[in-house]
Amino acid sequence: MAWTRKILRVDLNNGTCTAEALNMAWAKDYLGQRGLATKYLSEEVDPKCDALGPDNKLIMTTGPLTGTMASTGGRYSVVTKSPLTGLVACSNSGGFIGAEMKNAGWDMIIFEGKSAQPVYLYVENDTAELRPADDLWGKSVWEADELLHKKHQDPLLRVACIGRAAEQGCLYSAVVNDLHRAAGRSGVGTVMASKNLKAVAIRGTKGVGNIRDPQGFMAAVNAGKQVLADNAVTGQGLPTYGTQVLMNVINGIGAMPTRNMREVQFDGASKISGEAMHEPRKSDGKPNLTTNAGCFGCTIACGRISTVDRGHFSVENKPEYWGNSGGLEYEAAWALGSDTGVDDLDAITYVNFLCNEDGMDPISFGATVAAAMELFQEGAITTEHTGGIDLSFDRADTLVKLAELTAKGEGFGKDIGLGSKRLCEKYGRPELSMTVKSQEFPAYDPRGIQGMGLAYATSNRGACHLRGYTVASEVLGIPVKTDPLATEGKAELVKAFQDATAAVDSSGLCVFTTFAWSMENIAPQVDAACDGDWSVDKMLEVGERIWNLERDFNMRAGMTADQDTLPKRLLKDAATVGPAKGRVNDLDKMLPEYYALRGWTADGQITPETRTRFRL
Amino acid sequence: MQYLIIGAGPAGVTAAETLRRLDADATIRIIGDEPEPPYSRMAIPYLLMDNIAEQGTHLREHGNHFADLRIDVTRGRVEQVDAAGHRVRLQDGGSLSYDSLLIATGSSPVHPPIPGIDGPNVTSCWTLADARRILAGARSGSRVVLIGAGFIGSIVLEALAQRGVQLSVVEQGERMVPRMMGPEAGGMLKRWCESKGVSVYTGIGVSSIDAGGVTLADDTRLEADLVITATGVKSNVGFLEGSGVKVDQGVLIDRHFRTNVADVYAAGDVAQGLDFSTGDYAVHAIQPTATDHGHIAALNMSGQAAEYEGSLNMNVLDTLGLLSCSFGRWDGVAGGEHAELYAPDDWRYLSLQFDGDRLVGANAVGLSQHVGILRGLIQRRTPLGEWKERLMRDPTRLMEAYLATTQVI
Amino acid sequence: MRIRLELYASLMGYLPAGSDRHASTCDLPDGSTAHVLLDRYGVPRDKAHLVLRNGVFLHQEQRDAQPLADGDVIAVWPPVAGG
Amino acid sequence: MQRALHIDPKKCTGCLQCEMACSYEKDGVFNPSKSRIKVFTFHHEGRFAPYTCTQCAEAWCQKACPVEAIQIDAATGAKVIVDARCVGCKVCTIACPFGTVNYNSVTGKVIKCDLCGGDPACASACPTAAITYVDADWTGIDKMRAYAEQSLAGTA
């Protein structure tokens, strides 16, 4: 129960849409969303396939709680093989389209093959069909969204769409839904573009029922909502300041990756922080932030809705950017700001708008710009390469220009679209790329937060904070405070976070609930909704199974354990300021313990015993 | 005070109830010429669909509703109004006096001069008696020809199709519902009906009807067990001849529902009342207008000088599951702008007509949610300001425009 | 000794009027602890979730026991999180 | 004293908990498309507006109904659809100038807010108190309602 038990399979080669039954045996082992879709991917796709070829598949997937009244129960994920990392990609998004898919009666949509012509998928409850998208191709996400709403004359149609960046091959392109929420990381939008699939437009009016124990479910849901409301973080901190409140915190502890991670503190942090978004602007007296917003069903509402100052150079003659849209979240503000040295809140907000409008992961985009800036500083890139653009650090105008070029795949934007790894290789300085497994880092320097170093190195989708967010414990004291500079106990902490996150990501809930909820709050909601015994232990077991399945896919894709590492800069060049001064990330002290805890061999291979245990 | 109301339809019943609220002591009498308790013609299609029993068409649920309100409902037919004598003469020879008279006699189907239209296999669909004839004659598999695909015809069409008959529809106009919607929307309705197995002939008349069926002007032969006509209605004004009450298409009234004769008022289908959109006087034979008329006429009859703002012409149709609606000047006004979206493959159409920055009319097919705001925007004459341009660019943002211009947001 | 206090997020309201964005400096007697400093500004102890001394987290007991030093920067947040 | 739904759009985050609570209360499933209360998003303005029936005194829907299928709940004053009588003619959906009566094609009846008999599920579910159920005169809703009705009434 809670699952609709129906999958929509879309064959882009033949243009057909077919319904099939959800594999319930797999659902009981993998729950839904991230886990279940990865199982399908793992069974149906050769991990060695070309990520941008017709043999790769793209799966849009919901969890059993997606579309229910469980707080934050609106999540969906896009699962595929990543063109950026060559490994499994699973990008999670909020907004409303996940719930709409569920309301239309589908747990999952699997896209396979490649369409000869640009198409979009239109789903209205049981009816699904591919339609020509020639008029949408070449349009931004925002333009295509408006066209689709008009075409179907339905203001409540929910749209997930790729922008021009994906069409132009930008390797970290996102699938953007509801205008400004995104399945952002690992280039899932690039895969969608490779299939000539521009958009998915869904209208669901069937509703989500099939709750195993409705009364028990509502009791668990209401108890959960109360915990979120009473918790200072989810009840006050996140709604008021959003994730951006971290800007000053992380800077304060000296773990703010700055100017391509050469430094660990950013002098301009407070100017682009969550607090700064509340400050009235000199020009019009209005703050950058207009309001907070919730995704479907979310009673936290950490989302930011903001405007750019109309007089700012980036938008001064562009009234189309004078309205409100989504932003800034911490990771984007960091990547577009600290990592490039830009402390101009309006410029960062505008560039974040562009990332949404044309479907680019702002983390990877900002980090790639930061790498380009260092290459420029080192003389590896010159104005001859850039078409005259001065790529010096700290330049807001450069950031804006590069965003506009990359969004459309023009000029030097083509190179920025390669991502940090390929860019640095192209210009002969691969060591300047701040990536793990070819994916750019997010906003926590592992020299100042040791556990995050291990989390990054072992993440199944390359550098990522959302695979094991030990920041919660090491910095924020959730659930208990640990010392960010210590390595002891971090292997266990990382594993625990990774497994729990995999389970939450498979349920349809948002991982941000875990700032207030433990698995003791989550499991009863899943259990009341779903058939089967969904105890805390079962949830954690499923999380660990998912982690091993992802690892297995990656190994079959050709990944080797020596890729479980960090860039040399983070392992060799000590931090020069702040509490972490003199420290590098001591990955070698944590990794062997981690492998052992995972039931893997000393060289990172999944042991036969572990395989048997998780029925891989 | 003696109030007499001729006609037991929605206008008459609403007027009677309103009068009772305003005046506890008055004598209130409704006189109707059909044998059933007051009922709603709007409900007949649902009777034909077997959704409801006859009782479900009754205007008031409780059998003693009128008795409780001390409203006397009498069966009878008025032959003549003696305005000077403040009396009406009945067909059965009796007469009734009044202090204040409301003419709410409604309208009746028009029968075009087609040979054979008076045949025993031909019926209109207007009264409960008609409905019983159709229920008896239109069984699953019966061949039925429906003449007329205007608003009423289209509602009847829905009911007939639900009965599982083999249905053909003939409409003399160029499209279905020609007085309710433009060519795109009307054409869409026709294609929709055809896709559901109904044969639709537009732009052609019927030349004759006989016991075996219908022959069209181009000699196309449509075999039929039953022929139903829905070729328009006209106000029931015949009995007013010689009364001095002025009649045009319907009874001429002013903004207080007064006729030219003292103490005689008119409301509903029989009245040629103020049209909100045009400022002219016209017969709007629709249910909401009838009840509005009845309500405000009663206010005036009781001495309150309530000035009518006019009725908005509007209709909503469900044609075999395809919803459509029409409001006000759906065909536009001179010098006004027009926003339109047409998606024939998706069975959707939306058309907004503006006069300056005010909405004056609309047509929609496939719109099912918050439809009433179209009435709200038109009838409130809401200045749309910047939302006019936004609607010109994207008419689907109607609800936002409505909220932004009428609510505190 | 001179101490710099930085208050963030919803605690900013405890800064004296005219403070520069997040920070205020004050002189405290030698040996003063973080809690003494917070009391000076009227910051409720239960709202001071993250207390960093020169970027290093102070546990509850340290806030009472650990004497501050001249030039220290104490930065304080209510319960917050992000991601 | 009768109570009314009071809506404060400034507090709304657009989470749709109210829509789910409504559909769950009425239909036993989470289905925003069948909710009697709808949240509208003003993306450009960065605002959210929950919207539902104000239970107006001279109810347009009630007057237009040809079969007396809209009746008044004596306890709450709500205008309530009587499913057993509703024939699905949709006249009320075009008569209500506020657009708060909608047709449900699944049931073939119309639906509208009925205040849940005095304990509105939307208000209970709202996490930010953007929707509350309060004494009618406290909300000023009567004034708003009167204004709305006056400007729309058939008489000048």
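In every chain, residue numbers begin from 1 and rise along the written sequence. Chains carry letters from A onward and ligands carry numbers from 1 onward, assigned in written order. Local features in this predicted model are restricted to residues whose pLDDT is 70 or higher, and side-chain atom pairs enter the listing and the counts only when it is 80 or higher, whereas totals over whole chains, interfaces and linings include all residues. Excluding hydrogens and water, the side-chain values take into account all heavy atoms of the structure.

With that out of the way, let us pick up the interface of chain B and chain D. Throughout, a residue-residue contact means that at least one pair of heavy atoms, one from each residue, lies within 4.5 Å. Contact residues are listed per partner, giving 49 residues for chain B and 42 residues for chain D. Here the quantity called buried area is the total loss of accessible area, with a 1.4 Å probe, experienced by two parts when brought into contact, counted for both. Summed over both sides, the interface between chain B and chain D buries roughly 3900 Å², with carbon and sulfur atoms accounting for 59% of that surface. Among the salt bridges present, the one from Asp318(B) reaches Lys90(D), with a minimum N-O distance of 3.0 Å. The definition of a polar contact used here is a pair of N or O atoms within 3.5 Å, where within protein one atom must be able to donate a hydrogen and the other to accept one, and adjacent residues in sequence count solely through side-chain atom pairs. Here chain B and chain D share 11 residue pairs in polar contact (both at pLDDT 80 or more) between them. Secondary structure follows DSSP: runs of H or I at least 4 residues long count as helices, runs of E at least 2 residues long count as strands, and numbering of each begins at the N terminus. Mapped by element, the contributors of at least two residues to the side of chain B that touches chain D are helix 7 (287-301), strand 22 (314-319), strand 23 (322-328), helix 8 (372-379), helix 9 (386-393) and helix 10 (398-406) of chain B. Among the residues forming the side of chain B that touches chain D, the class breakdown is 23 nonpolar, 17 polar and nine charged. For this analysis, a salt bridge means a side-chain nitrogen from Lys or Arg found within 4 Å of a carboxyl oxygen belonging to Asp or Glu. Gly counts as polar in this scheme, as do all residues outside two lists: the nonpolar Ala, Val, Leu, Ile, Met, Phe, Trp, Tyr, Cys and Pro, and the charged Asp, Glu, Lys and Arg.

Moving on, we come to the state of the cysteines. Residues and elements named next belong to chain D. Two cysteine sulfur atoms make up a disulfide if the distance between them is within 2.5 Å. This structure, assessed with the given rule, holds zero disulfides over all chains. Between Cys-18, a cysteine without a disulfide, and Cys-122, which holds the nearest cysteine sulfur, the sulfur-to-sulfur distance is 6.5 Å. Accessible area is worked out with a 1.4 Å probe on protein chains only. A residue is then buried under 20% of its type maximum, exposed over 50%, and partly exposed in between. The exposure class of Cys-18 is buried, given its relative accessible area of 6%. With no disulfide of its own, Cys-22 lies 6.2 Å from the sulfur of Cys-116, the closest cysteine sulfur.

Where interface size is given, it is often the accessible area lost as the parts come together that is meant. Taken together, the 20 residues of chain C in the interface contact 30 residues of chain A. When chain C packs against chain A, the two sides together hide about 1900 Å² of surface, and 67% of this comes from carbon and sulfur. Three residues, Arg21(C), Ala81(C) and Gly83(C), lead the burial of chain C against chain A; their summed loss comes to 32% of the area buried on that side. In this assembly, chain C and chain A are joined by one salt bridge. Across the pair Arg21(C) and Glu279(A) runs a salt bridge whose closest N-O atoms are separated by 3.0 Å. At the surface where chain C touches chain A, the tally comes to five residue pairs in polar contact (both at pLDDT 80 or more). Secondary structure elements with two or more residues in the side of chain C that touches chain A: strand 3 (50-53) and strand 4 (56-57) of chain C. Considering only residue class, the side of chain C that touches chain A consists of 11 nonpolar, eight polar and one charged.

So, on to the domain arrangement of chain A. All names here are of chain A. According to the domain assignment, chain A contains domain 1 (6-203), domain 2 (258-433) and domain 3 (444-613). Note that the domain bounds were set by an automatic or database domain assignment. Look at where the C-alpha atoms of domain 1 and domain 2 centre, and you get two points 26 Å apart. Contacts between the two partners involve 34 residues from domain 1 and, on the opposite side, 34 residues from domain 2. Counting each side, the surface lost to burial between domain 1 and domain 2 is near 2600 Å², with a carbon and sulfur contribution of 56%. When the buried area of domain 1 at its contact with domain 2 is split by residue, Trp-142, Tyr-172 and His-180 rank highest and sum to 28% of it.

A word on empty space enclosed by the protein. All names here are of chain A. Throughout, the protein atoms alone are placed on a 1 Å grid, and a set of points is a cavity if a 1.4 Å probe fits but cannot get out or a pocket if it is open with protein on both sides within 12 Å along at least five of seven lines; lining residues have an atom within 4 Å of a point. Grid points are joined across faces, edges and corners, and a volume is the space filled by probe spheres set on the points. Under the criterion given, the structure shown has nine cavities of 30 Å³ or more. If you add up the space inside the largest cavity, you get close to 880 Å³. What lines the largest cavity is a set of 45 residues, among which Arg-75, Asn-92, Arg-181, Ala-182 and Glu-329 lie closest to the centre. Mapped onto the lining of the largest cavity, the elements with two or more residues apiece are strand 5 (88-93), strand 11 (181-183), strand 14 (303-306), helix 11 (330-338), helix 12 (345-358) and helix 13 (362-377). When its residues are assigned to classes, the lining of the largest cavity shows 19 nonpolar, 16 polar and 10 charged.

Residue and element names in this part refer to chain A. Running from amino to carboxyl end, helix 22 (residues 536-556) crosses helix 24 (residues 587-598) at an angle of 115°, the nearest separation of the two axes being 12 Å. Judged on the interaxial angle alone, helix 24 and helix 22 are roughly perpendicular. Of the residues in helix 24, those in contact with Glu-544, Trp-547, Asn-548 and Arg-551 of helix 22 are Tyr-594, Tyr-595 and Arg-598. In terms of residue class, the contact of helix 22 with helix 24 is built from three nonpolar, one polar and three charged. Simply put, an axis is a line fit to the C-alpha atoms, just over the touching stretch for a helix, and the angle between two N-to-C directions goes from 0 to 180 degrees. Throughout this description, any angle smaller than 35 degrees is read as roughly parallel, any larger than 145 degrees as roughly antiparallel, any in the 65 to 115 degree range as roughly perpendicular, and the remainder as oblique.

Another aspect to go through is the packing of aromatic side chains. Pairing of aromatic side chains here covers Phe, Tyr and the six-membered ring of Trp, requires ring centres within 6.5 Å, and sorts the geometry by plane angle: under 30 degrees stacked, over 60 edge-to-face, intermediate tilted. Within this structure, the stated rule accounts for 21 aromatic pairs over all chains. Plain terms: the ring middles of Phe512(A) and Phe515(A) are 5.5 Å apart, the flat faces sit at 50° to each other, and that makes the pair tilted. With centroids separated by 4.4 Å and ring planes inclined at 5°, the aromatic side chains of Tyr8(C) and Trp77(C) adopt a geometry described as stacked. Taken together, the positions of Tyr8(C) in the loop between strand 1 (2-7) and strand 2 (23-27) and Trp77(C) in strand 5 (residues 73-77) put the pair 69 residues apart, joining distant regions of the chain.

On to the pattern of salt bridges. One pass over the full model with this rule turns up 85 salt bridges over all chains. In this structure, the salt-bridge partner of Arg259(A) is Asp267(A), at a minimum N-O distance of 3.5 Å. Taking the relative accessible area as the measure of exposure, Arg259(A) reaches 10% and is therefore buried. For the salt bridge of Arg375(B) with Asp292(B), the shortest nitrogen-to-oxygen distance reads 3.5 Å. Taken as a pair, Arg375(B) in helix 8 and Asp292(B) in helix 7 lie far apart in primary sequence, 83 residues in all. As far as the burial class goes, Arg375(B) and Asp292(B) line up, both buried. Linked by salt bridges that have partners in common, Arg9(A), Glu20(A), Glu44(A), Lys57(A) and Glu112(A) make up one network.

Next up on the list: unusual backbone geometry. The omega torsion across Gly327(A) and Leu328(A) is -15°, close enough to zero to call that bond cis. For Leu328(A), the position within the fold is in the loop between strand 15 (325-326) and helix 11. Residues Ile478(A) and Pro479(A) are joined by a peptide bond in cis, for which omega reads -5°. If you check the backbone angles, Arg259(A) has positive phi at about 50° while not being a glycine. You can see Arg259(A) is positioned in the loop between helix 9 (246-252) and helix 10 (274-278). Phi is positive for Phe257(B), close to 70°, though the residue is something other than glycine. Structurally, Phe257(B) is set in the loop between strand 18 (251-252) and strand 19 (264-266).

Moving on, we come to the sheet that holds strand 13 (residues 206-210) of chain B. Residues and elements named next belong to chain B. Strands pair, by our definition, only if DSSP identifies at least two bridges between them. Read from one edge of the open sheet, three strands run 13-14-15, paired in antiparallel fashion. Strands at the two margins of the open sheet, each flanked by one partner only, are strand 13 and strand 15 (221-223). Between one strand and the next, the sheet's axes are offset by a mean angle of 15°, whatever the strand orientation. Examined bridge by bridge, strand 13 and strand 14 (residues 213-216) share four bridges and lie antiparallel to one another. Residue pairing for strand 14: Val-206 is matched across the bridge by Leu-216.

Below, the discussion takes up helix 8 of chain B. Counting buried residues in helix 8 of chain B gives eight out of eight residues, a clear majority hidden from the surface. Buried within helix 8 of chain B we find Gly372(B), Ile373(B), Leu374(B), Arg375(B), Gly376(B), Leu377(B), Ile378(B) and Gln379(B).

Residue and element names in this part refer to chain A. Relative to the helices and strands, Leu-454 is located in helix 18 (residues 450-458). Looking at Leu-454, the relative accessible area reads 0%, which means it is buried. Other than its neighbours up to four places away in sequence, Leu-454 contacts Lys-490, Ala-491, Val-494, Leu-587, Met-590, Leu-591 and Tyr-594.

A separate point is the nonpolar core. By size, the foremost hydrophobic cluster in this structure holds 210 residues, and its most contacted members are Phe217(A), Ile250(A), Phe365(A), Tyr444(A) and Leu476(A). When neighbours within four sequence positions are excluded, Ile250(A) is seen to be in contact with Ala255(A), Met256(A), Tyr330(A), Ala443(A), Tyr444(A), Ile449(A), Val471(A) and Val475(A). Ranked by size, the runner-up nonpolar core spans 99 residues in total, among them Ile155(B), Leu322(B), Val371(B) and Val67(D). Here, nonpolar core refers to any group of buried Ala, Val, Leu, Ile, Met, Phe, Trp, Tyr and Cys residues whose side-chain atoms link them within 4.5 Å.

Residue and element names in this part refer to chain A. Of all six residues making up strand 3 (residues 57-62), six are buried, and the element is well covered by its neighbours. With five bridges connecting them, strand 3 and strand 4 (residues 76-81) associate as antiparallel partners. Its bridge partner lying in strand 4, Thr-61 is registered against Ser-77.

This part covers the side chain of Thr291(B). Assignment of secondary structure puts Thr291(B) in helix 7. Each residue touching Thr291(B), except ones within four places of it in the same chain, is listed here: Pro10(B), Thr14(B), Lys63(D) and Ala64(D).

With that out of the way, let us pick up the arrangement of the chains. With four pairs of chains in contact overall, the contact-richest pair is chains B and D. For the non-touching pair chain B and chain C, the nearest C-alpha separation works out to 27 Å. Taking C-alpha atoms only, the smallest gap left between chain C and chain D, which are not in contact, amounts to 18 Å.

An α-helix turns once every 3.6 residues. As a result, residues three or four positions apart point the same way. Within helix 1 (residues 17-27) of chain D, the full set of buried residues consists of Gln17(D), Cys18(D), Glu19(D), Met20(D), Ala21(D), Cys22(D) and Ser23(D). If you follow the buried residues of helix 1 of chain D, they end up packed against helix 7 (214-230) of chain A together with strand 2 (38-42), helix 4 (121-125) and strand 8 (131-135) of chain D.

A word on the pairing of strand 5 (residues 87-90) of chain B. Residues and elements named next belong to chain B. The side-chain alternation of strand 5 yields one buried face, formed by Val-88 and Leu-90, and one unburied face, formed by Arg-87 and Arg-89. Judged from the four bridges that link them, strand 4 (residues 78-82) and strand 5 form a sheet pairing that is antiparallel. Among the inter-strand pairings, Asp-82 is bridged to a residue of strand 5, identified as Arg-87. The turn joining strand 4 and strand 5, which pair antiparallel and follow one another in sequence, is formed by four residues; a positive phi near 50° is taken by His-86. When strand 5 meets strand 6 (residues 95-97), the two strands line up antiparallel, connected through three bridges. Note that in strand 6 the partner of Val-88 across the bridge is Leu-96.

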